[in-house]
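# Geometric and topological summary
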Amino acid sequence: MGKASLWNPTIRNTVEFVVPNVANRETYETIIGFGVCHETNDPMIVKVTHIVNWTDMETASCIPWQVEVFTLSTEAWRRLGGNLPRKLAGFQFDPPDGFCSVSIDGVIYWLATDRNMMDGGSCNLIISYDITSEVFGEVNLRNRLAYFPSRH
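Residues numbered from 1 in each chain as written. Predicted model: local features only at pLDDT ≥ 70, side-chain atom pairs only at ≥ 80, totals over all residues. Heavy atoms only, no water.

## Observations concerning the nonpolar core
Stated formally: Throughout, nonpolar core names a set of buried Ala, Val, Leu, Ile, Met, Phe, Trp, Tyr and Cys residues whose side chains join them through atoms within 4.5 Å. Relative accessibility thresholds used throughout: buried, under 20% of the residue-type maximum; exposed, over 50%; partly exposed, between the two (1.4 Å probe, protein chains only).
By size, the foremost hydrophobic cluster in this structure holds 17 residues, and its most contacted members are Val46, Val48, Trp110, Ile127, Tyr129 and Phe136. Counting 6 residues, the second-largest nonpolar core is a separate cluster that includes Leu6, Phe17, Val19 and Ile45.

## Quick look at the side chain of Glu68
What counts, and what does not: Under the DSSP-based scheme used, a helix requires at least four consecutive residues in state H or I and a strand at least two consecutive residues in state E, with every element numbered from the N terminus. For the purposes of these results, a polar contact is taken to be a pair of N or O atoms within 3.5 Å, where, inside protein, one atom must be able to donate a hydrogen and its partner to accept one; residues adjacent in sequence count only when each atom of the pair is a side-chain atom. Between two residues, a contact is recorded if the distance between any of their heavy atoms is within 4.5 Å.
Within the fold, Glu68 resides in strand E5 (residues 65-71). For Glu68, the side chain forms a polar contact with the side chain of Lys47, separated by 2.6 Å. With sequence-adjacent residues up to four places away left out, Glu68 is seen in contact with Pro20, Asn21, Ile45, Val46, Lys47, Trp77, Arg78 and Arg79.

## Points about the pairing of strand E1 (residues 2-8)
Put simply, the rule is: Strand pairing is assigned whenever DSSP identifies at least 2 bridges connecting the two strands.
Note: E1 against strand E2 (residues 13-19), 7 bridges, orientation antiparallel. Across the sheet, the residue bridging to Asn8 is Asn13, located in E2. Linking E1 to E2, which pair antiparallel, is a turn of 4 residues; within it Arg12 sits at a positive phi near 50°.

## Focus: the packing of aromatic side chains
The condition is simple: Only the six-membered ring of Trp is used, alongside the rings of Phe and Tyr, when aromatic pairs are assigned; centres must lie within 6.5 Å, and planes under 30 degrees apart are stacked while those over 60 apart are edge-to-face, with the rest tilted. The rule is short: NZ of Lys or CZ of Arg within 6 Å of the ring centre and within 35 degrees of the ring normal puts a charge over the ring.
What the rule picks out here adds up to 4 aromatic pairs. Centre to centre, the rings of Phe17 and Phe70 are 4.1 Å apart; their planes meet at 15°, and the pair counts as stacked. With Phe17 in strand E2 and Phe70 in strand E5, this pair connects stretches of sequence that are 53 residues apart. The same class applies to Phe17 as to Phe70, namely buried. Taken together, a centroid distance of 5.4 Å and an interplanar angle of 50° make the contact between Phe70 and Trp77 tilted. Judged by relative accessible area, Phe70 falls into the buried class, the value being 1%. Seen from the ring of Trp77, Lys47 lies directly overhead, with NZ or CZ sitting 6.0 Å from the centre.

## Thoughts on unusual backbone geometry
Notably, Asp105 is not glycine yet its phi reads approximately 50°, a positive angle. Relative to the helices and strands, Asp105 is located in the loop between strand E10 (101-104) and strand E11 (107-114). Note on Asp105: relative accessible area 64%, which makes it exposed. A positive phi angle, near 55°, is found at Glu134, a position not held by glycine. In this structure, Glu134 sits in the loop between strand E12 (123-130) and strand E13 (135-140).

## Thoughts on the pattern of salt bridges
The cut-off we apply is this: Between Lys or Arg on one side and Asp or Glu on the other, a salt bridge is scored when a side-chain nitrogen of the former is within 4 Å of a carboxyl oxygen of the latter.
Within this structure, the stated rule accounts for 2 salt bridges. Among the salt bridges present, the one from Lys47 reaches Glu68, with a minimum N-O distance of 2.6 Å. Here Lys47 is found in strand E4 (residues 43-51), whereas its partner Glu68 is found in strand E5, with 21 residues between them in sequence. We note a salt bridge from Arg78 to Glu134, for which the minimum N-O separation is 2.2 Å. With a gap of 56 residues between them, Arg78 in strand E6 (residues 76-80) and Glu134 in the loop between E12 and E13 connect regions that are remote in the sequence.

Written out as structure tokens, the structure reads:
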């Protein structure tokens, strides 16, 4: 378990909350995204836990992807099902800076790597999450960016 805080500098208010099920990076890792729903103006945290050690795939105790969403209005986490990212896409991680993510117009974007190439290689792509519709998507990159050496 971890802890996180949301701070609103306009009204000088901080809300602390518990982040459950944070992975230890041996078999799984946890990434976080932040954004605001355009329809409700509700701040939202999206937590994705995904498998990183594919050699342990057979012994993994849960599905390759687990997605939970925290909304400030409810101050509670809820699990999402259905439209999850492909299990062979992995998020780019660059300690100590963390994950490459950005939120623009109600969509959270993460830099990722597609590990499902026909030649056994991988390529870069962007995984998106629309906060309002709660739908994941993929943005394919041009070849010169897709095959640029990743930092993963």
